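Okay, here's what each chain looks like letter by letter:
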Amino acid sequence: MDTRQEKIVDFLRALYQRDRRGPGDFPIREMEEAAHLQEPQIAKDLSAPLSLLIDRKRIEQAKRGLMAPPPAPAAPPAGPPKPATPVAAPAPAAPGLTPQAADAFARALGNQPLSDDDVLQLESIVLPALRPAFDIQNETYETLPTVWDPLNRQRPQIEPIVRGIGRLQLTGHPSYTLVGTGFVCGPNAIATNRHVAQIFVQGVESGGQLCFQPGVTCAMEMLAEVGSADSLKVDLSRPVAVSTAWDVAVLRVESLPAGVAPLPLCGTTPAALDGGVATVIGYPSYDPRESFVDQANIFRAVFDRKRLQPGKLNGRADVPSFGRTVSAIAHDCSTLGGNSGSALVSADTAQVVGIHFCGITHVSNYAVPAWELVADPAFADCGIHFV
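Counting of residues starts from 1 at the beginning of each chain's written sequence and follows it residue by residue. With the structure being a predicted model, the display of local features is reserved for residues of pLDDT at least 70 and the display and counting of side-chain atom pairs for 80 or more, all residues being used for whole-chain, interface and lining totals. The side-chain quantities take in all heavy atoms of the structure and omit both hydrogens and water.

Caption draft 1: Here's a closer look at the pattern of salt bridges. When a carboxyl oxygen of Asp or Glu lies within 4 Å of a side-chain nitrogen of Lys or Arg, that pair is called a salt bridge. Counting across every chain of the model gives 13 salt bridges. Note that Arg-300 is salt-bridged to Asp-135, the shortest N-O span being 3.0 Å. Of the two residues, Arg-300 sits in the loop between helix H8 (292–299) and strand E12 (307–321) while Asp-135 sits in strand E1 (residues 134–137), which places them 165 residues apart along the sequence. Under the relative-accessibility criterion, Arg-300 is labelled buried at 15%. Throughout, exposure labels follow a simple rule: accessible area from a 1.4 Å probe, protein chains only, divided by the maximum for the residue type, with under 20% read as buried, over 50% as exposed, and the rest as partly exposed. The class for Asp-135 is buried, based on a relative accessible area of 4%. Beyond isolated ion pairs, a larger network of salt bridges with shared partners links Arg-18, Asp-19, Arg-21, Arg-131, Lys-312 and Asp-332. Put simply, DSSP H or I for four residues or longer makes a helix, DSSP E for two residues or longer makes a strand, and each gets a number counted from the N terminus.

Caption draft 2: The arrangement of the side chain of Arg-131 in detail. When you line up the elements, Arg-131 lands in the loop between helix H4 (116–130) and E1. Polar contact is defined as a pair of N or O atoms within 3.5 Å, subject to the rule that within protein one atom must be able to donate a hydrogen and the other to accept it, and that residues adjacent in sequence are counted only when both atoms are side-chain atoms. There is a polar contact of 2.8 Å between the side chain of Arg-131 and the side chain of Asp-332. The contact criterion used throughout is that any non-hydrogen atoms of two residues lie within 4.5 Å. Those residues in contact with Arg-131 that lie beyond four places of it in its chain are Leu-15, Asp-19, Arg-21, Trp-148, Ile-298, Pro-310, Gly-311, Lys-312, Asp-332 and Ser-334.

Caption draft 3: A look at the pairing of strand E8 (residues 217–221). Burial within E8 is extensive, with four of its five residues counted as buried. As paired elements, strand E3 (residues 165–171) and E8 share five bridges and run antiparallel to each other. Considered in E8, the bridge of Thr-171 is made with Thr-217. Looking at chain direction, E8 and strand E9 (residues 233–242) are connected through four bridges and run antiparallel. When the sheet's bridge partners are listed, Met-220 is paired in E9 with Val-234. DSSP calls a pair of strands paired once it identifies at least 2 bridges connecting them.

Caption draft 4: Inspection of the sheet that holds E3 at higher detail. With antiparallel pairing, the six strands of this closed barrel are ordered in space as E3-E4-E5-E10-E9-E8. Ignoring which end each strand starts from, the neighbouring axes of this sheet average 45° apart. Strand direction decides the pairing type here: E9 and strand E10 (residues 249–253), joined by five bridges, are antiparallel. Bridge assignment links Val-242 to a residue of E10, and that residue is Ala-249. Throughout, an axis means a line fitted to C-alpha atoms (over the contacting stretch in the case of helices), and angles, computed between N-to-C directions, take values from 0 to 180 degrees.

Caption draft 5: Layout of the environment of Ser-228. Here Ser-228 shows up in the loop between E8 and E9. Of the residues examined, Ser-228 reaches a relative accessible area of 25% and is grouped as partly exposed. In the structure, Ser-228 is positioned 90 residues away from Asn-138 in sequence and 8.9 Å away in space, judged by C-alpha atoms.

Caption draft 6: Summary view of the confidence of the model for the chain. Each residue carries a pLDDT score, the predictor's own confidence in it, on a scale running from 0 to 100. With 83% of its residues at a pLDDT of 70 or more, the chain has an overall mean of 87. Low pLDDT, under 50, characterises residues 63–76; the predicted model gives this stretch 33 contacts beyond four residues in sequence or across chains. Note that residues 80–92 has pLDDT below 50 and, in this model, 19 contacts with residues that lie over four places away or in other chains.

Caption draft 7: A look at unusual backbone geometry. Even without being a glycine, Ala-224 presents a positive backbone phi close to 50°. As for its position among the elements, Ala-224 is in the loop between E8 and E9. Of note in this structure, Ala-301 is not a glycine but carries a positive phi near 60°. Secondary-structure assignment places Ala-301 in the loop between H8 and E12.

Below, the structure is given as structure tokens:
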């Protein structure tokens, strides 16, 4: 196996150690129905629309027994046509493995030799089954599988957190429209990553006066849910503070929508930070640098919409950040680039324990520890809501 494949297998084994879920814990799906699928007639290059490329990849993988084929389209209803309305994408089916994926999973856990096809099976089915993503719809989430029951039990406390998280979007920028995730961290404050803010804020790198780039405005879309055209935008008036120690920036919002309150940020070191259930809540974007199949499987080819992405906390880890080494929170929630600035929420406390800022594919993801910001002088007057 090459280095990338070794990472996939090592990551899979690490997830097994945290979850103790093996191939026997998943239903087995047969793939016989894939044989009749027809590949879309599109150009075999990246100029084709992303949705068609993903449809083609899904069918290609289904014919090889790697993933379930897309469902057959439903028959049109009888009677006169009705006005078009947004329709929610179907919720992910209960995680299941093909027989080939289950066999590859068992061989990986047994330290047996793996073929290239075995590794593809693991990447295409097993990893998305172990660390899925769930839609936020109507400002809540469906009842999750039992492995994520701590998030089900904390629903009354997590739903207000969901409402305070939004997608940062720009107007007037020459290169970017959607730039990441932010969340309400104080009565007039929005937190995101420093590396997100520096896309549209002047003075971040120089340490000079902070201001939006000329002609650029920033807003935070509080909804942008899967299958919904509803929108709730708040305009951000100016940048407030940028940390020199952590990948965090704070922007000002003049007023918050009804029902949106500052998120509870953990203000002291948690008693336990290793093995607990947590979730990233944010807006994963398609990333051409990452596995095409992984992204299509985990996010159902729908990107830049609010998702709940559960996983486990894995203690602290030293990682590079802006020329320094920082002691970040390690976690294994499935994330993409648009998750920069997302809230990392502990299911034990229903508090924001971290701000997701980076990751290494099939190794770990990392978040800024929220409590470390209490003593950061950059945020002394920002009114961050620590609890």
